[in-house]
Every structure is written in structure tokens, then in C-alpha cells.
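One-letter residues, chain by chain:
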Amino acid sequence: MRIRLTQERDLPAIDQIFALGRERQHSEGNYSQWREDYPTIAVVREDIKNGTGFVCVDDDDDTTVLGTWALGDYEEVYDHLKSGAWNADRDYKVIHRMGTMPGHGAGVFIMQSLQENYPYLRVDTFEKNASMIRLLKKVGFKQCGVAYYEGFGDMIAFDYVRPERAAQD
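Residues numbered from 1 in each chain as written. Predicted model: local features only at pLDDT ≥ 70, side-chain atom pairs only at ≥ 80, totals over all residues. Heavy atoms only, no water.

## Let's talk about the overall build of the protein chain
Threshold: In this text, helices come from DSSP runs of H or I with a minimum length of four residues, and strands from runs of E with a minimum of two, each type numbered from the N-terminal end. All radius of gyration figures rest on C-alpha atoms, and the globule criterion is 2.2 Å times the number of residues raised to 0.38. Only protein chains enter the calculation, and the probe is 1.4 Å; a residue is then buried if its accessible area is under 20% of its type maximum, exposed if over 50%, and partly exposed in between. Note on contacts: a residue pair is in contact if any heavy atoms of the two residues lie within 4.5 Å. Using a 1.4 Å probe, the Shrake-Rupley method yields the accessible areas, and only the shown protein chains count as cover for residues.
Counting its secondary structure elements, the protein chain contains four helices and eight strands. Going residue by residue from the N terminus, the α and β elements of the protein chain occur as β-α-α-β-β-β-β-α-β-α-β-β. A compact globule built from 169 residues would reach a C-alpha radius of gyration of about 15 Å, and the protein chain, at 16 Å, matches this within 12%. Counting only residues that meet the buried cut, the protein chain has 46% of its 169 residues in that class. Considering only residue pairs separated by 6 or more positions, the protein chain has 68% of its internal contacts joining residues 24 or more positions apart. Within the structure as shown, the protein chain displays about 9200 Å² of accessible surface, and the carbon and sulfur contribution to it stands at 48%.

Now the structure itself:
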């Protein structure tokens, strides 16, 4: 697997990932996070325009999209958690709208790639998004508190601080 910027040709596959993600979340009792009106292809088009949309593709087929997400530099809601505290107070990358095709391991691959490339990551998800919470914990994210989004409600906030590398002698 490898990661690249999202392209227009990826939109049908991303739409399918969003639909599968909604089904998975509904099966877990999470009916609020991904609705029919969000996320949408229109939002992904904005990500493409802004250079913030990414896909994980198969090594052998650049058109086989296995995962999608947006990566931002800042989230205003994160300035004031409703409860809890972040594990670091420094620049971070924020992960939004991550979805994957089941059965390929793309979620772990994407998260580990982000952890290798960025020393501090933040993300939030609904309490009932069991799949995402399992993934975050599996790859070492720590639960920090609760972020509140107008129109969406409470989200569980997680972050990942890359351990300091030992100095080379």
C-alpha cells in the first residue's frame, strides 16, 4: 500500500467508502457521525482543491482506493476541550473523515504512516464509533477528553505524541 493525494478519479471509490462507513457505523449503533449529508463528495472536492485530501491505494493498482481521509493543520474546537486535556501543547496535524475498505488493513497502514511522518496527531470520533476507537487504541493513540461540535455534539478526543528518539552516539 502507498499514500498519495486524492484525485478527481478517486471520487466514486471514496463515495463507496463513505457508504460502507455509514453502514458499519449504523451496525455499531452510531447513527449520528456520518450521515447522508456528511461526509460528501463536495467536501472531498474541497480537500482536493486545498491539497488536504489523501488516499491509500494498492501497490499494484494506483486506482484501487483502500482508504481516504483529510489532514488539516488546526481545529478550532480543539482550543477548548469540553473536558480533559491534550497530552501536548504544540503544532499538530488533525485527521478528518477517515474511512477504509474492510479487510485490507488500510486503517493501520494509514495511521502508522501518519505517525511516522508527523510527531503529533489529533483526532476525534463519536463514542459509538467502535471501529475507529479500536483502531486508535491499537496504534497507540490516547484518549484525552471530549470535544464539542455544534450540530454534532460530543466527540471523544484522542492524540498521539511520537516518542522522542534516543540520541545517536
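## A few points about the nonpolar core
Quick reminder of the rule: Within this scheme, the nonpolar core is defined by two criteria: the residues are buried Ala, Val, Leu, Ile, Met, Phe, Trp, Tyr or Cys, and they are joined through side-chain atoms within 4.5 Å.
Residues Trp69, Ile95, Met98, Met111, Leu114 and Phe141 are the most contacted members of the largest nonpolar core, which totals 22 residues. The set of elements that each furnish at least two residues to this core consists of strand S2 (53-58), strand S3 (61-72), strand S5 (93-100), helix H3 (106-117), strand S6 (120-125), helix H4 (130-138) and strand S8 (153-161). Those residues within four positions of isoleucine 95 in sequence are excluded, and the remaining contacts are Trp69, Ala70, Leu71, Met111, Leu114, Arg122, Val123 and Phe141.

## Observations concerning the packing of H3 against H4
In plain terms, the rule: Only C-alpha atoms enter the line fits that serve as axes; for helices the fit covers just the stretch in contact. Angles between N-to-C directions range over 0 to 180 degrees. The labels follow the angle: roughly parallel below 35 degrees, roughly antiparallel above 145, roughly perpendicular from 65 to 115, and oblique for the rest. For any pair of crossing helices, the crossing counts as left-handed if the nearer helix is rotated counterclockwise from the farther one by less than a right angle, and right-handed if it is rotated clockwise.
In the contact formed by H3 and H4, the axes pass within 10 Å of each other and the chain directions differ by 45 degrees. Taken together, the axis directions place H3 and H4 in an arrangement best described as oblique. Note that H3 runs across H4; the crossing there is right-handed. Of H4, the residues touching H3 (which contributes Gly107, Val108 and Met111) are Met132, Leu135, Leu136 and Lys138.

## Examining the pairing of S5
The following threshold applies: Any two strands between which DSSP finds at least two bridges are classified as paired. Whether a crossover is right-handed depends on one test, that the path from the first strand over the helix to the second runs clockwise when the strands point away from the viewer.
For S5, the tally of buried residues reaches seven of eight residues, placing the bulk of the element in the interior. Strand direction decides the pairing type here: S3 and S5, joined by five bridges, are antiparallel. Bridged to alanine 70 within S5 is histidine 96. For S5 and S6, the ladder comprises two bridges, and the chain directions are parallel. When the bridges of S6 are listed, valine 94 appears paired with arginine 122. Traced from S5 through H3 to S6, the parallel crossover comes out right-handed.

## With respect to empty space enclosed by the protein
The following threshold applies: Cavities and pockets were defined on a 1 Å grid built from protein atoms only: a cavity is a group of points that admits a 1.4 Å probe but offers it no way out, a pocket is an open group of points flanked by protein on both sides within 12 Å along at least five of seven lines, and a lining residue is one with an atom within 4 Å of any such point. Grid points are joined across faces, edges and corners, and a volume is the space filled by probe spheres set on the points. Lys, Arg, Asp and Glu make up the charged group, whereas Ala, Val, Leu, Ile, Met, Phe, Trp, Tyr, Cys and Pro make up the nonpolar group; the residues left over, Gly among them, are polar.
Inspection of the entire model under this criterion finds one cavity of 30 Å³ or more. Volume-wise, the largest cavity comes out at about 40 Å³. What lines the largest cavity is Thr6, Phe18, Val44, Asp47, Gly53, Phe54, Thr68, Trp69, Ala70 and Arg97. The element best represented in the lining of the largest cavity is S3, accounting for three residues. Of the residues belonging to the lining of the largest cavity, the class tally is five nonpolar, three polar and two charged.

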